Structure formats: structure tokens, C-alpha cells
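For reference, the chains in residue letters:
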Amino acid sequence: MGGETTPSQTVSPYFSIGLGWLNRDDLARGASGGKRITIRGRILDGEGQPVPDACLEIWQVDADGNYAHLEGSQEKSPAQGFFGFGRIPTNDRGEFSFTTIKPGRVPGPDGCAQAPHLEISVFMRGLLRRLVTRLYFPNDPANPEDHVLSLVPAGRRSTLIARPLATDPQTLEWDIRLQGERETVFFEC
Amino acid sequence: MLLYRRPAPGTQPELLHPPYVSSIKRAPTQPLIQLPHTLSEITGPSFPKGIVPPKGFDLTRQHKGEPLGERIVVGGRLMDEDGRPVAHSLVEIWQANAAGRYLHKVDQHDAPLDPNFTGMGQTLTDAEGRYRFVTIRPGAYPWRNHYNAWRPRHIHFSVFGPAFATRLVTQMYFPGDPLLEFDPIYNSVPVESARKRLVSIFDWSTTTPEIALGFHFDIVLRGRNATPMER
């Protein structure tokens, strides 16, 4: 039994029927500490048009760098109630917004801890497979030594780093551009 | 170092598949960057038993009356490429009603809504990775991808598996559907044998006398490499 992996197919335009029950835009809930932040932005297609039928999924550690994962590959677990998972649809204007805490650092492949980041899946009509990307935090001293960021051509790294809002540094802005000059970096996971 | 194996060439759709018109403006144009499998990719959310509503698995009993259409049982196993069951893992589904209409404000297809059918379901796999839904057979419906385009009957599936790296959203089709060979979404998978894994199998063992036909649909997630990840 087993065999080859089942192929992916698009979520199509009506995914909110099946996925909306698990929407979660407050990832800070249950966290025992950490800096609270809001992240907001838009998803834009190849013509710069907002994408109203998309959905993001977030996976992240708590402020101490622990994933809420059952297999216990880490020494410590996050506080009970911290889940680290978010599901956020875009609205009619292609905008998304969620609240979370700035994640801690987790081990990297080269023995050096990774810079704080969010793991992100992007689903929408038109995407036959999910897109995988990462969000990093502005001016974090760990960014220059992050292994994954170093795999990205220097000129494209800024597409993965959110920008603080001038009027409110607790709010970060981060747009996802599917195509074009400032196309967001996407990964083969 | 990759903990989860990459799928064989041609067994997953390309992001840009021009016959599926929506992919043209939405598929990235730059090459994807290979992501190493760190702790961030080999962990993922686990959902507690209580998260799934008791009637989540039975889409025919979520309203006062029974939905119209042909009642069916859809079941199978969630496993990895080595046949290991993926136990206690969340499975979400959504679908059109028997007339081919979704309960969604964007769906304006001229076919009736069914007050007794929402078209959403969720369950957790059991210890052997098995899942089971009771629902009605969804109808085919037109879409505007090309002239006289009709989607074959299908049920959308969303599964997580053990890790961020194993997340999968797909569609299950029905055996013998004459629309399959014309569907650009189904045909976005280049290798025919891989594509055919999206088609469920008529199943006497879950067909329930006087109640419902059964369809079997196994979902296979990426397998793990034998070598343990370096810490």
C-alpha cells in the first residue's frame, strides 16, 4: 500500500464553504508572552489587481521558539492554548490582516538559529498548488545570518521582509505580489 | 537535507497551466527557491478531537430535512508514500449540491440552492488513517474558462498530515465521468497514472444496502526519507 503522492488541485473560488469554519486571525491567543503585532497587506495578481478569493495559512513558534507540535521534537512546549496556526482569507479588496506575537528563533540547517519568521501557505483560485513563502521581520539583527534568506538572491530578499507602519510600529505591512517586478519570493517546500 | 521526499516529476501540476485560464495571471514567473526542511517545515498544526463538530462527517444531517440528490458514502485512508497511516489528522471537504450549485455568493449558476445542504464537512482520521463522509453526489456545473466549459463532478479535499511540508488541497472525481478528459484542472497533472489517482473507485464494501453507494478515495502524502535529519 502507499504509492505516489496524490496530486494537488486548486481550492477554486468557493473554498470558504469548506475552510471558513477554521478561520483564525488572532494567533496571539494563548501565548504566555511576546511582542504583539498586527500584520496586514494585499495580494496582487500579474496586472496589479487585488485577489479577493485567496486564503493564507500561517505556522509559527511562540516567543521562546517553540512550535505547538505533538511529536515533541523540541525540549519545551509552548504555553497551553498557544496554537501557532492561522487561516486568514482576503476580503473583497484583496486585503488580509491578522494579529500575532513576534516569533522566537528556531534551529536552522547549518547549526545556526534561524531569524524569526512565519511559514506561510497561499491558496487561491488559479493556483493548482499552494504557494509557500516566509515572512521575516524588519531590522531583526538575525536576518543577515539566516540560512534561508541567504538562499534568496540579494535583490529579492526585501519581498520577504515586512515594513513597519510609520504611524504605528506595532503594525507591519507586507504585500504578496504573484508576478511582476517585485514578485514575492516563493519556495519549493 | 530534506526530510520529506519531493514528488516524482510530472506527478503534480505545474503552477502555470495556460488551458486553466486563471493560472495565467496568478502563477509566479520566477523560479521557486528550494526550501531546506528545517523544524519549521517538519512540524505542523495538530487539531484536537473536540474541534470537529459531531455531524461534521455527515453532510446529509446538518439541517432540518434531507438534501435532495443521490446519497453516497465517501471513504478511504490518509497515508504516506510508504503506506504508513496518518492517524488523527484533520480532513475538510466542500462541494456543490446535487444540482451543481455552491452555497456561495459568487456562484450565480442558474441552478437551485438546497435549503438542506451546505456542502461542508470535516472529520479526523482514525488510528489507521481511515476517514468516512456521508454526502450526496455533487452535480456538474458550467464555468467560463472556455466555450461550453463544464466541471466534472468533484469534491474538494483539504488535508494537513503531520507537517507544514505535507499540507495538501486536492479534488476527488467520480469514475466514468465523461467530462474528465475535457477538464483543464484535472488535466493539469501531466502524468496520466498520477492524474487517475484523483478518481475515486466505486466500492461495494462501503455501499450500504437500501441507503447509499460507496466510493473509495485514498489520499497519499509525501513520504519521509530514511535518514534522520541532522540536528
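Residues numbered from 1 in each chain as written. Chains lettered and ligands numbered in written order. Predicted model: local features only at pLDDT ≥ 70, side-chain atom pairs only at ≥ 80, totals over all residues.

1. Points about the overall build of chain A
- Counting secondary structure elements, chain A contains two helices and ten strands.
- Secondary structure elements of chain A, listed N to C terminal, follow the sequence α-β-β-β-β-β-β-α-β-β-β-β.
- Its C-alpha atoms give chain A a radius of gyration of 17 Å, within 12% of the compact-globule value 16 Å for 189 residues.
- With the C-alpha coordinates of chain A rotated into their principal frame, the extents come out at 50 × 40 × 30 Å.
- The burial tally for chain A puts 44% of its 189 residues in the buried class.
- Pairs at least 24 residues apart make up 71% of the contacts formed inside chain A by residues separated by at least 6 positions. (Helix = DSSP H or I, 4+ residues; strand = E, 2+ residues; numbered from the N terminus. Rg over C-alpha atoms; globule rule 2.2 N^0.38 Å. Buried ≥ 20, exposed ≤ 12 C-beta atoms within 10 Å, placed from the backbone. Contact = placed C-beta atoms within 7 Å.)

2. Description of the overall build of chain B
- The number of helices and strands found in chain B is two helices and twelve strands.
- Listing the helices and strands of chain B from first to last along the sequence gives β-α-β-β-β-β-β-β-β-β-α-β-β-β.
- In terms of principal-axis extent, the alpha carbons of chain B reach across some 55 × 45 × 30 Å.
- The 231 residues of chain B split such that 45% are buried.
- Expressed as a percentage of contacts within chain B between residues at least 6 apart in sequence, the contacts between residues at least 24 apart total 71%.

3. Looking at the nonpolar core
- Counting 98 residues, the largest nonpolar core has A:F15, A:C55, A:I58, A:V122, A:F123 and A:M124 as its most contacted members.
- The residues touching A:I58, leaving out its near neighbours within four places in the chain, are A:L27, A:F85, A:G86, A:F98, A:L118 and A:I120. (Core = buried A, V, L, I, M, F, W, Y, C linked by C-beta atoms within 7 Å.)

4. Description of the environment of B:Y141
Residue and element names in this part refer to chain B.
- Relative to the helices and strands, Y141 resides in strand β6 (residues 141–143).
- Exposure remark for Y141: the 20 C-beta atoms within 10 Å place this residue in the buried category.
- Along the backbone, Y141 and S205 are 64 residues apart, and their C-alpha atoms lie at a distance of 29 Å.
- Those residues within four positions of Y141 in sequence are excluded, and the remaining contacts are A96, G100, R101, H109, A111, W150 and R151.

5. Regarding the interface of chain B and chain A
- Each side of the interface is counted separately: chain B has 64 residues, and chain A has 59 residues.
- In terms of residue count, the dominant contributor to the side of chain B that touches chain A is strand β9 (residues 168–173) of chain B (four residues).
- Here the residues of the side of chain B that touches chain A are counted per class, giving 31 nonpolar, 21 polar and twelve charged.
- Examined bridge by bridge, strand β10 (residues 187–188) of chain A and strand β1 (residues 33–34) of chain B share two bridges and lie parallel to one another. Opposite A:F187, over in β1(B), you have B:I33 as the bridge partner. (Nonpolar A, V, L, I, M, F, W, Y, C, P; charged D, E, K, R; others polar. Pairing = 2+ DSSP bridges.)

6. With respect to the pairing of strand β4 (residues 120–124) of chain B
All names here are of chain B.
- Summarising burial for β4: four of the five residues are buried, a large majority.
- Bridge count between strand β3 (residues 90–94) and β4: five bridges; the pairing is antiparallel. By the bridge assignment, E92 is partnered in β4 with Q122.

7. Examining the sheet that holds β3(B)
Residues and elements named next belong to chain B.
- In space, the four strands of this open sheet follow the order β4-β3-β8-β9, with antiparallel pairing throughout. Whereas interior strands pair on both sides, the edge strands pair on one side only; in this sheet they are β4 and β9. Shown here is a sheet whose adjacent strand axes are inclined to one another by a mean of 20°, direction ignored.
- Judged from the four bridges that link them, β3 and strand β8 (residues 154–159) form a sheet pairing that is antiparallel. Within β8, the position partnered with I93 by the bridge is F157. (Axes fitted to C-alpha atoms, helices over the stretch in contact; angles between N-to-C directions.)

8. Regarding the confidence of the model for chain B
- On average, residues of chain B carry a pLDDT of 95, and 97% of them reach 70 or more.
- Two numbers describe this predicted complex: its pTM, 0.96, and its ipTM, 0.96. (pLDDT = per-residue confidence, 0-100.)

9. Some details on the environment of A:D64
- Within the secondary structure layout, A:D64 lies in the loop between β2 (54–59) and β3 (85–89).
- Owing to 17 C-beta atoms within 10 Å, A:D64 belongs among the partly exposed residues under this scheme.

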